[in-house]
Structure formats: C-alpha cells, structure tokens
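Residue strings, one per chain:
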Amino acid sequence: MDSTGVQGIGEMIRKVRKEKGWRLEDLADEQISIATISNIERGFAHVKPEKTHYLIQKLKIDPARLPRLMMKEQQDLKELEFELKSLQLLRDTGDAALALEHLNRLKLEASHPYAAMFHYLKGKCYLSLRKWKEAEKFFHQAIRFSHHHEHAYSKKSNIKAVSFIELGLCAFFQNDLVQAIRYTDRGWDVYEHDGERSYAWWLLHINKAVYYERLGQLAESMQVIQKAWEGVHQTEKKDIVITFYYLRSEILRRSGVYDEAVTFAIKGLELARLNGHTPLLFDLWTVLGSTYMAKEDWFKAERCFNHALRLKDRLFDDPMVECKIITAFARLGKLYTQQKKWEQAGRVIREAIATGEKYEDAPRLTYALQVMGDYYQVQGRMEEGIPYYERALALARKYNYKKRACSTLIRLPDYWRDTNREELLAYLETIS
DNA sequence: CTCAAACGCTGGGTTGCGAG
DNA sequence: CTCGCAACCCAGCGTTTGAG
C-alpha cells in the first residue's frame, strides 16, 4: 500500500466516523488508542495495517465496499479541487465577496487535504476586502494546516511560503514594514524550490525589495533585486520580469542615478507593452515621469504622468493597484506646482489626498500631504500649508517614517517655535 | 444599564517522546 | 518500528468585568 492509499483510507474512515457522529474517544478501546486512530485518519505512516483493518471493522465498513468508497472519496476530492480553483479565479478577477460567500458555505475539517488551500483562499478574499486582521487569521490557519498531507503529493504545494507572503502584505497594508519583512523572510525559509507555485520565489524578492525601498534602505533593496536579476529572466511569467525592471528603475531613481533609471523604465515599458500588462504600464510611466521630473525635464515628465493617469480607469478594481495612483497624482501636482500651474496642481493633489485617505495608505498619503503643504508654501500661503504639514508629520511620526518626518520638519519653522520643543527634540533624538 | 473585551473552562483533536 | 501516555493546542462557549 503506497502512502496515497493510506491517505485515502484515512479520510474515508474519518468521513464514515463523522457521519455516524462518533468521536475518536468513542472508537478507542484496549486494542486501539485515540492517538493511533488520529494517526490513521491523518494518513500518518508507521501504523500497522492490522490496526487500520481493526478500525474499519469497528466502523462496520464492508471490506468489499472499500474500493468503491475509496473511488467516491477520490472523486469528491477532485470535485472540491475544481470548486476551489474556480473560486480562486472568481477572486482573482475581482469578485472577492462572492468567492468568500461560496467558501463560507463549504465546511472543511482541519485535517482535510485541502484545508490549507481553503484557508489560504479565504485569507486572500479577506485581503481583497481589506479586512487585514481576518485575513491574517486565515493565513495563520493555512500555515498551521499546510504540513498535513504534504507527503501525499509528489510536489510540495508551497502553501506555507505563499501564506507568509500574504501575511507580509497584511503587515505592509497596516503600515508595519518591519513585520512585513519578517514575514517575508519566514516565507523565504520555508520555500521549496522544486515545489508548486514557483512564482512565489520571485514574489518573495519583489516584496522584500519593496519593503526595504519603503523603509528607505535602498542598498538592501537593490541587493535583493540584483541577486535575482539573472535568474528572473528564466521565468516565463513576464509580469514578474517587468516588475523587476520597475523596481530597479524606482530604486535607481531614488538613489539619484537618473539616467540608468530611465533606461530600465523604458526597457520595462517595452516589455509591458508587448505583454499588454496595464497595471505595470502604470507603475513604469509613474517612475519614468518621476525620474524626468528629477532631471527637470518637465515636458517629458508631464507626458509620462498623463500616460499613467490615462490608464487609471483600466486598472482592475484592486486596492493594491489602485492606491498607486496616489503617487502619480501627487507627483503630477508637484510638477504643476513647479510650473506654477496652480489650479491644475491643486486639483490633482486634492485627488491624491482623497485617494490616500480612502485606502488609508499612510506612506503615500504622507507624501501627498507634504506636496500639498509645498503647494501652499511656494505661493506664499504658508498658513494654509501648515495644517497639511502637520498632518504629514503626525502620520510620519505615528508610523515612524524617519526621513519623511525630518523632511516635513524642515519645512515647518513655526512648528519649532509654537509647539512643545522638548517633546520634539526628544523625538529627533530617537530618529537620529 | 449596555455592550464588548477579557477571562477561563471544556471538548475534541494533535503531537512529542519514551517504552517495549 | 509501533503504540499510547500525557502534554499540548485551539475553537467555541459562558461568565465576569469594566468603560462609556
């Protein structure tokens, strides 16, 4: 009997037991203990076949019916697999609420072979619905159940690794970047190279690079990207390759290496165009525009931002993608401010702030608020700008964005005079 | 007085480890 | 190598407590 067979029997035994409403305790006797029954049902090897046969007897299962029951079990499993796959697709295409509704109708035991997958999917639905805490709960469950039944399949599912990736995202969306990196590292540790979901390996790199980049640790971020650069070109998943181009360009831009940033952004755009990947086109136009802005090439910069924002309506209804428009709006606002196009500037910055508030995206919102402050300051309307600076500062302090806090403070001369100096100096101590 | 967070209990199940 | 004890885990409850 191979391990798959043992597995199948275990599930069938559990099903029959549950149907009869029996607990493990009800089946245990001096011949067989609770622990052993549990081991048999979970398909755990190292149990003598005699014990399994004894259990089958005790459940009054006709041995002649065994093969048919097993077949039925397999078939049910196949059907469930299809159901889960279709619900995953439903979520991926933007209908998380409906997918969740269907998932909630299914009842899977913790020991079910698809329990990990099931909980992972539920987590992803909650993530799409921006219910971080709920999502976290289910990803932890998925991790807990992930080692069950792994041995039954030739390939490792890598559910554990992808769950850690998603937990990292949960932390990221709650503005806890340090925790996000911690989760990603754990995903890194448990990732199995010859398993399924090989895209997860690249996702681990991408996410880690993004988190470092957000923390302002550009060298670490670039290191992650560069170490995987050669390898990633082997994958047939073009969106991942394009994301690498985008990230490389973004890190170079933030490091002040503008010409190289432009080169990588344009290469990325070329790839994204060939593969028709709209969300990434948006990112690439934004980074390219920002780079041209830094190079003071206002004409090209405006072109890029407008290209980006023209894609706005074609972005999927996905909060992770949608909140990116905050940066594009804010940068365009900054551009218009520099060109003294006040009316246009005010409009796009307000839009940036509104979107930032909608998605509670603290880092991007902080930036947008700062841009709004600058907008008023350069017009000599400092008293109108101060509230925006103060909000930016409060957010930056709350989530400990050190650089952003400093750059906001520099713009706030009145703040030094009027508010609690000592508290502020103490704060500066902590970030220096 | 209400309501929700915290607490503790319980049932059902899993797991580490040592004995045979 | 197998098995089972006992410790452990965890979800689902009822109860307590404390803030508004």
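Residues numbered from 1 in each chain as written. Chains lettered and ligands numbered in written order. Predicted model: local features only at pLDDT ≥ 70, side-chain atom pairs only at ≥ 80, totals over all residues. Heavy atoms only, no water.

If you check an unreviewed UniProt entry, chain A appears there as HTH cro/C1-type domain-containing protein from Paludifilum halophilum.

Asker: Got a minute to help me understand the protein's contact with DNA strand B in this structure?
Answerer: By nearness alone, twelve residues border DNA strand B, and R14, K18, R23, S38 and R42 come closest of all. Near the protein, within 4 Å, the atoms of DNA strand B are sugar or phosphate in 85% of cases. Within the side chain of R23, an N or O atom sits 2.5 Å from a phosphate oxygen of DNA strand B. Sorting the residues of the surface near DNA strand B by element identifies α1 (3-19) and α3 (34-41) as the ones contributing at least two each. For the surface near DNA strand B, the leading source of residues is α3, giving four residues. Residues that form the surface near DNA strand B fall into these classes: three nonpolar, four polar and five charged. (Near = heavy atom within 4 Å. Polar contact = N/O pair within 3.5 Å; in protein donor to acceptor, adjacent residues only side chain to side chain. Helix = DSSP H or I, 4+ residues; strand = E, 2+ residues; numbered from the N terminus. Nonpolar A, V, L, I, M, F, W, Y, C, P; charged D, E, K, R; others polar.)

Asker: What's the story with the nonpolar core in this structure? I'm lost.
Answerer: The nonpolar side chains of soluble globular proteins are, as a tendency, buried together. Of all hydrophobic cores here, the largest spans 121 residues; its most connected members are L84, F172, Y211 and F244. It is helix α9 (residues 159-173) that provides the largest number of residues to this core, a total of eleven residues. In contact with F244, other than residues within four places in its own chain, are W202, H205, I206, I225, A228, W229 and V232. By size, the runner-up hydrophobic cluster in this structure holds 14 residues, among which are I13, I37, L55 and I56. (Core = buried A, V, L, I, M, F, W, Y, C linked by side-chain atoms within 4.5 Å. Buried < 20%, exposed > 50% of the residue type's maximum accessible area, 1.4 Å probe, protein only. Contact = heavy atoms within 4.5 Å.)

Asker: In this structure, what is going on with the domain arrangement of chain A? I would like to understand it.
Answerer: On domain assignment, one finds that chain A holds domain 1 (3-61), domain 2 (74-197), domain 3 (198-322) and domain 4 (342-432). If you average the C-alpha positions of domain 2 and of domain 3, the two centres end up 27 Å apart. Linking domain 2 with domain 3 are one salt bridge, by the criterion used here. For D185, the salt bridge is made with K208, and the minimal N-O distance between the two is 2.8 Å. At the level of elements, α7 (115-128), α9 and α10 (177-190) are the ones that each hand at least two residues to the side of domain 2 that touches domain 3. (Domains from an automatic or database assignment. Salt bridge = Lys/Arg side-chain N within 4 Å of Asp/Glu carboxyl O.)

Asker: What am I meant to see in the UniProt feature "repeat: TPR" (unreviewed entry) in chain A here?
Answerer: Within this numbering scheme, the UniProt entry marks residues 116-149, 282-315 and 366-399 as carrying the feature "repeat: TPR" (unreviewed entry). Counting secondary structure, residues 366-399 comes out at 88% helix and 0% strand; the distance between its end C-alpha atoms is 10 Å. (UniProt positions renumbered as here; feature names shortened; annotations may be inferred.)

Asker: Please explain the side chain of R14 as it appears in this structure.
Answerer: Of note, R14 is situated in helix α1. Assessed through its relative accessible area of 13%, R14 is described here as buried. Here E41 takes part through its side chain, which lies 2.5 Å from a polar atom of the side chain of R14.

Asker: Is there a simple way to think about the UniProt feature "domain: HTH cro/C1-type" (unreviewed entry) in chain A in this case?
Answerer: In this structure's numbering, the residues bearing the UniProt feature "domain: HTH cro/C1-type" (unreviewed entry) are residues 13-43. Taken end to end, residues 13-43 is 61% helix and 0% strand, and its two terminal C-alpha atoms sit 10 Å from one another.

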